[in-house]
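Each chain is listed here by its residues.
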Amino acid sequence: MAVRDIAYVELYAKDKQSAVDYFVSALGFACVADSVGSDRSSVLLRQGAVHLIVTSGPATWKFLDNHGDGIADIAMTCEDVAAAGKKAGRAGARLVGSTRGNPILSGCGDVTHTLLPAATDPATGLPPGHRWVTMAQRPGLPVERIRALDHIALRLDGRDLEGQAAFYRAAFGLSQDSPAYGTGSIVVRSSTGGVTFTLVGSDPAESTGGLDTFLARNGGPGVQRVAFLVEEIVHAARDFRHRGVEFTGGAGVCHDTRADSLRLFGRSPYRRDTLFFEIVQRRGSRGFDSADIRALYEVMDHDRLAAG
């Protein structure tokens with residue numbers, strides 16, 4: 001009954017085409033399919049194992065008015081959707097909708113979670129609930145740098161930290177891990193490692209505004225940061241910077257129970273700073289040393305100086 005992996009994340013955007021252009025031109029995503037419904041229009045993007053839906057239209061207006069551009073839904077797979085939905089309901093998750101018989105449940109703030117069967121093939125399947133029309137792939141796409149979603153950071157009032165962690169453990173069968181960012185955070189993840197949420201009450205490393213600033217700009221708790229896993233962070237950072245991504249807000253080694261990691265924060269592409277992106281390399285195929293860290297600071301300093 002526990003969730004296993006993240007099937008996709010859905011971004012609500014005021015300007016869908018501008019959002020899609022950023023992911024394609026700056027981060028190297030490919031447009032896979034589009035869908036037009038009575039109250040929304042969506043584009044499905046893919047890179048590595050990451051599926052991202054960008055949606056605009058009347059169905060998104062309430063969320064956008066309250067929160068600005070941001071992640072509205074994080075869809076997760078499980079072995080038994082019906083049983084998982086009932087378990088989540090007993091733990092306090094509200095049923096807010098459904099798609100093709102799959103429940104859409106309340107999560108952190110106004111973020112929802114669609115539960116999907118684990119049998120869905122994330123590499124080839126198209127997310128349910130849309131009338132997708134596949135799109136021809138453009139030749140000469142950039143080299144894929146992003147392999148998967150590393151984690152998603154949910155920002156909330158620090159007073160709700162323990163309660164929100166308990167909710168995700170009880171509702172979705174996630175286990176609690178050691179914090180990735182210090183004492184002001186709690187990490188919860190699935191047994192497969194395919195779902196990892198960092199619940200952040202305070203972030204000492206953040207330099208672009210504190211907790212109260214984010215909660216005010218975002219209209220309350222929600223997804224603050226999406227972290228993408230890359231194979232070679234220095235190469236990825238230089239490539240992304242060349243394509244227009246600006247980096248800021250710190251770089252360095254992060255320690256948790258999975259493995260040491262190198263991370264680099266990107267400047268938010270949204271006017272209200274409602275959502276940030278991060279790239280992460282975990283110690284695996286090769287290690288990293290002080291030269292890698294210096295190279296990341298060079299990337300970050302270049303963008304800081306360019307911004308004036």
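See the structure printed just above.
Definitions and limits used
Residues numbered from 1 in each chain as written. Predicted model: local features only at pLDDT ≥ 70, side-chain atom pairs only at ≥ 80, totals over all residues. Heavy atoms only, no water. Helix = DSSP H or I, 4+ residues; strand = E, 2+ residues; numbered from the N terminus. Buried < 20%, exposed > 50% of the residue type's maximum accessible area, 1.4 Å probe, protein only. Polar contact = N/O pair within 3.5 Å; in protein donor to acceptor, adjacent residues only side chain to side chain. Phe/Tyr/Trp six-rings, centres within 6.5 Å; stacked < 30°, edge-to-face > 60°. Lys NZ or Arg CZ within 6 Å of the ring centre and 35° of its normal.

A. The side chain of Asp150, seen in detail. Mapping Asp150 onto the fold places it in strand β10 (residues 146-155). Take Asp150: its relative accessible area is 3%, and that puts it in the buried class. Of note is the side chain of Asp150, whose polar atom sits 2.7 Å from the side chain of His151.

B. Fine view of unusual backbone geometry. We note that Arg100 has phi near 55 degrees; this positive angle belongs to a residue other than glycine. Locating Arg100 in the fold gives a position in the loop between β6 (95-99) and β7 (102-106). When its relative accessible area of 65% is taken as the criterion, Arg100 is described as exposed. Not every positive phi belongs to a glycine, and Asp273 is a case in point at roughly 55 degrees. Mapped onto the elements, Asp273 comes out in the loop between β16 (261-266) and β17 (276-282).

C. Geometry of the packing of aromatic side chains. Here the structure, examined in full by the defined rule, presents eleven aromatic pairs. Summarising the aromatic geometry, the rings of Phe23 and Phe277 are spaced 5.4 Å apart at their centres and angled 75 degrees between planes, so their arrangement reads as edge-to-face. Placement of the pair is Phe23 in helix α1 (residues 16-26) and Phe277 in strand β17, with a sequence separation of 254 residues. Of the two residues examined, Phe23 and Phe277, each falls in the buried class. Their ring planes at 80 degrees and their centres at 5.3 Å tell us that Phe167 and Tyr168 sit as a pair that is edge-to-face. Looking at Phe167, the relative accessible area reads 14%, which means it is buried. Grouping aromatic residues by their ring pairs yields a cluster made of Tyr22, Phe23, Phe29, Phe228 and Phe277. Residue placement shows Arg225 over the ring face of Phe265; its charged tip is 4.3 Å from the ring centre.

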